[in-house]
Protein chains: 2
Amino acid sequence: MKPYVLAVKAVIVNEQGKTLLLRRSSANTSFVGCWEWPGGKVDPGEDFATALVREMKEEAGLDVEITGLAGAMEFEMPKVHVVLLCMNARITAGQIVLSDEHDAWAWAPLAELKDWQLAPRVDEFMYAYATRGTVT
Amino acid sequence: MKPYVLAVKAVIVNEQGKTLLLRRSSANTSFVGCWEWPGGKVDPGEDFATALVREMKEEAGLDVEITGLAGAMEFEMPKVHVVLLCMNARITAGQIVLSDEHDAWAWAPLAELKDWQLAPRVDEFMYAYATRGTVT
């Protein structure tokens, strides 16, 4: 049986109802050019909240705090099952600075998310989130 | 800000569409007599899948393996926010043996879950799950 691992994404929505997306760079082996919420795998021994804060700093240069649960989903990878926790978060400090995993950032209006090429697997969840209109 | 912590519950549904519930004993300080899915907090440094398997052994004497994500929810405790991952699981070995946290077990038909006094906070999620009729 494939093991189950945990990953986290930060759902940041600003006062204009726009959500922070990063575009996957050519440093990735898959889904280059697709937009996604920042986040990544929880390291062994790390709790999910710490992982989220760490990933946001690494991928976006931002300090954030979690404000709630946006939702959860699962998908299959070649060697593992991934359970993805999407957490609402707000920026507390910092300016956006990208790592080499991403080559662009944007604030995408939730109401227009269907116009964005989102990374597979998580895209349907993101569209559903946008449709629900939840804004934190 | 209150920290966010992770907890896990095992959603086990048998071939008759019945789900395994445990009744909270008087060893608990709250919700005594209410029924719930087995599970508990993820320990510091522990991954959620290991925690689920451990809790099932401790609380129910059962060996289980995870088969998927049933859903996630959050609730507030006095000192922490809890994100609760409910994982579908199946029993691979063992006979039910309860810890002192519970004083009864039952296989409750999902279709009749509304007739059971479930533990608060998670009850609405459990009723919704039963209504969706998901059986793994």
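The residue numbering used here restarts from 1 in each chain and proceeds along that chain's sequence as written. Chain labels run from A onward and ligand labels from 1 onward, assigned in the order the entries are written. Totals for whole chains, interfaces and linings use every residue, but because this is a predicted model, local features are given only for residues with pLDDT of at least 70 and side-chain atom pairs only at 80 or more, for both listing and counting. Excluded from the side-chain calculation are hydrogens and water; included are all heavy atoms of the structure.

Asks: Explain the pattern of salt bridges here, please?
Replies: Residue and element names in this part refer to chain A. Every case where a carboxyl oxygen of Asp or Glu lies within 4 Å of a side-chain nitrogen of Lys or Arg is listed as a salt bridge. Considering all chains together, one arrives at 20 salt bridges over all chains under this definition. A salt bridge links Lys2 to Glu76; the nearest nitrogen and oxygen atoms lie 2.7 Å apart. Linking Lys2 in the segment before β1 (4-11) with Glu76 in strand β5 (residues 63-76), this pair joins segments that are 74 residues apart in sequence. The exposure class of Glu76 is partly exposed, given its relative accessible area of 49%. Here Glu55 and Arg54 are joined by a salt bridge, their closest N and O atoms 3.3 Å apart. Think of it this way: any DSSP run of H or I at least four residues long counts as a helix, any run of E at least two long counts as a strand, and we number them from the N terminus. A 1.4 Å probe rolled over the protein chains alone gives each residue an accessible area, and that area as a share of the maximum for its type sets the label: buried under 20%, exposed over 50%, partly exposed in between.

Asks: Explain the sheet that holds strand β5 (residues 63-76) of chain B here, please?
Replies: All names here are of chain B. A sheet is described by the order of its strands in space; here four strands give the open sequence β4-β1-β6-β5, paired in mixed fashion. The sheet is open, and its two borders are formed by β4 (39-41) and β5, each paired with just one other strand. Geometrically, the sheet is characterised by an average inter-axis angle of 20° between neighbouring strands, direction not taken into account. Pairing of strand β1 (residues 4-11) with strand β6 (residues 81-93) involves eight bridges; the strand directions are parallel. Bridged to Val8 within β6 is Leu85. Its contacts with the sheet place helix α2 (residues 123-132) against β1, β5 and β6, and it is angled at close to 130° to β5. Criterion used throughout: strands pair if DSSP finds at least two bridges between them. Only the stretch in contact is used when fitting a helix axis, every axis being a line fitted to C-alpha atoms; angles between N-to-C directions are given from 0 to 180 degrees. What makes two residues a contact is simply this: any of their non-hydrogen atoms within 4.5 Å.

Asks: What is the right way to look at the packing of aromatic side chains in this model?
Replies: Here the distance between the centres and the angle between the planes together describe a pair of aromatic rings. Residue and element names in this part refer to chain A. A pair of Phe, Tyr and Trp rings is counted when the ring centres sit within 6.5 Å of each other, with Trp represented by its six-membered ring. The angle between the planes then sorts it: under 30 degrees is stacked, over 60 is edge-to-face, the rest tilted. Going through the model one piece at a time under the given rule, you end up with six aromatic pairs over all chains. Arranged with centres 6.3 Å apart and planes meeting at 80°, the rings of Trp37 and Phe125 form a pair that is edge-to-face. Taken together, the residues Trp37 in the loop between β3 (35-36) and β4 (39-41) and Phe125 in helix α2 (residues 123-132) connect sequence positions 88 residues apart. Using a relative accessible area of 1% as the deciding quantity, one classes Trp37 as buried. A residue is classified by how much of its surface remains accessible, and Phe125, at 14% relative accessible area, is buried. Ring centres of Trp37 and Tyr129 lie 5.6 Å apart, and the angle between their planes is 90°; on these two criteria the pair is classed as edge-to-face. Remark: Tyr129 occurs in helix α2 and Trp37 occurs in the loop between β3 and β4; sequence separation between them is 92 residues. Among the aromatic side chains, those forming a connected cluster through ring pairs are Trp37, Phe125 and Tyr129.

Asks: What exactly am I supposed to notice about the sheet that holds strand β7 (residues 102-109) of chain A here?
Replies: Hydrogen bonds along the backbone pair up the strands of a sheet, which may run parallel or antiparallel. Residues and elements named next belong to chain A. Sheet architecture is open: three strands sit in the order β3-β2-β7, paired in antiparallel fashion. On the outer flanks of this sheet lie β3 and β7, each paired with one strand and no other. For strand β2 (residues 18-24) and β3, the ladder comprises two bridges, and the chain directions are antiparallel. Bridge pairing in β3 links Leu22 to Glu36.

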